[in-house]
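Structural features, examined
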Amino acid sequence: SYRAQQALVRERALREAKAGKTGADIADATPAELIQLSQEKVVTPYKSPVLNDLRPEAKVSPDWMATRFGIYTVGWNTDQVKAGSEPKTFNDLLDAKWKGKIGFADADWVWYGTLVTHFTEKQKMSEADAKGYFKKLAANSRVVKGHTAATELLGAGQITLAPSLYAHNIDDGKYNKGMPVGREPSIGPMIFEPSGQTIMKDAPH
């Protein structure tokens, strides 16, 4: 097995497939990587009676299927953000008191795109205003490499807030590692992202 950041999993799968030396039977990643593997035609369609038992949102492509859903949430260090002072809305993240204390996990295009759609369709913001919101948020923030790293930095107090963490990372850190991290009361909308698996075209097994 090989475990790494999503982009590295994709690159390794592509390199092996193009070299004719496929080392894995299955690749597990988020949609961006799975879609690219499908477009590069290095995977094979998944056909199984079990598909009938899956929820429709899990069957987004004949080439891969969701095995789980990651929930994006805003998280914070509970030692630095006391109960009652948590941000209540996404607009609260623009408050000057958070400047330089927010950590963005990189490559969160699903989170970004979904929120832009939510702002424009549900909150009736113009697209320019919605994108302007993220420019202001970025100016308040620093980029962090990956969700796991962002969660660990949050628990260590090196960042105070993170707007796009996976809920399970916060929960695992809070209960298993004893990190002072929290995510409730939750800031809506909750964004569910499917992650899944695909079978490599020349799977050895």
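Below is a short write-up of the structure. (Residues numbered from 1 in each chain as written. Predicted model: local features only at pLDDT ≥ 70, side-chain atom pairs only at ≥ 80, totals over all residues. Heavy atoms only, no water.)

**Things to note about the side chain of R10**
Worth spelling out the cut-off: The secondary structure listing takes helices from DSSP runs of H or I that are at least 4 residues long and strands from runs of E that are at least 2 residues long, numbered from the N terminus. Contacts are assigned to residue pairs that have any heavy atoms within 4.5 Å of one another.
Within the secondary structure layout, R10 lies in helix α1 (residues 6-18). Excluding anything up to four places from it in sequence, R10 contacts E33, Q36 and L37.

**Description of the pattern of salt bridges**
Which entries qualify depends on this criterion: Any carboxyl oxygen of Asp or Glu within 4 Å of a side-chain nitrogen of Lys or Arg constitutes a salt bridge here. Burial classes: relative accessible area under 20% of the type maximum marks a residue as buried, over 50% as exposed, and values in between as partly exposed (1.4 Å probe, protein chains only).
Using the criterion set out here, one finds eight salt bridges in the structure. One salt bridge connects K18 with E40, and the closest N-O pair in it is separated by 3.7 Å. Placement of K18 in helix α1 and of E40 in the loop between α2 (31-39) and β2 (43-44) is noted, with a sequence separation of 22 residues between them. Given a relative accessible area of 62%, K18 falls into the exposed group. The exposure class assigned to E40 is partly exposed, which follows from its relative accessible area of 35%.

**Here's the deal with the layout of surface pockets**
The criterion, for reference: Residues are said to line a cavity or pocket when one of their atoms sits within 4 Å of a point; the points come from a 1 Å grid over protein atoms alone, cavities being sets where a 1.4 Å probe fits but cannot get out and pockets being open sets with protein on both sides within 12 Å along at least five of seven lines. Grid points are joined across faces, edges and corners, and a volume is the space filled by probe spheres set on the points. Asp, Glu, Lys and Arg are counted as charged, while Ala, Val, Leu, Ile, Met, Phe, Trp, Tyr, Cys and Pro are counted as nonpolar; the rest, among them Gly, fall into the polar class.
Roughly 1300 Å³ of volume is contained in the largest pocket. Around the largest pocket sit 48 residues that line it, and R3, A4, Q5, Q6 and V9 are the ones nearest its centre. Mapped by element, the contributors of at least two residues to the lining of the largest pocket are α1, β1 (26-29), α2, β3 (65-77), α3 (109-121), α5 (147-156), α6 (167-175) and β8 (191-200). The leading source of residues in the lining of the largest pocket is α1, at six residues. Taken together, the residues that form the lining of the largest pocket break down as 19 nonpolar, 15 polar and 14 charged. In this model, the second largest pocket occupies a volume close to 170 Å³. Along the wall of the second largest pocket there are 14 residues; nearest its centre are K174, V181, G182, R183 and E184.

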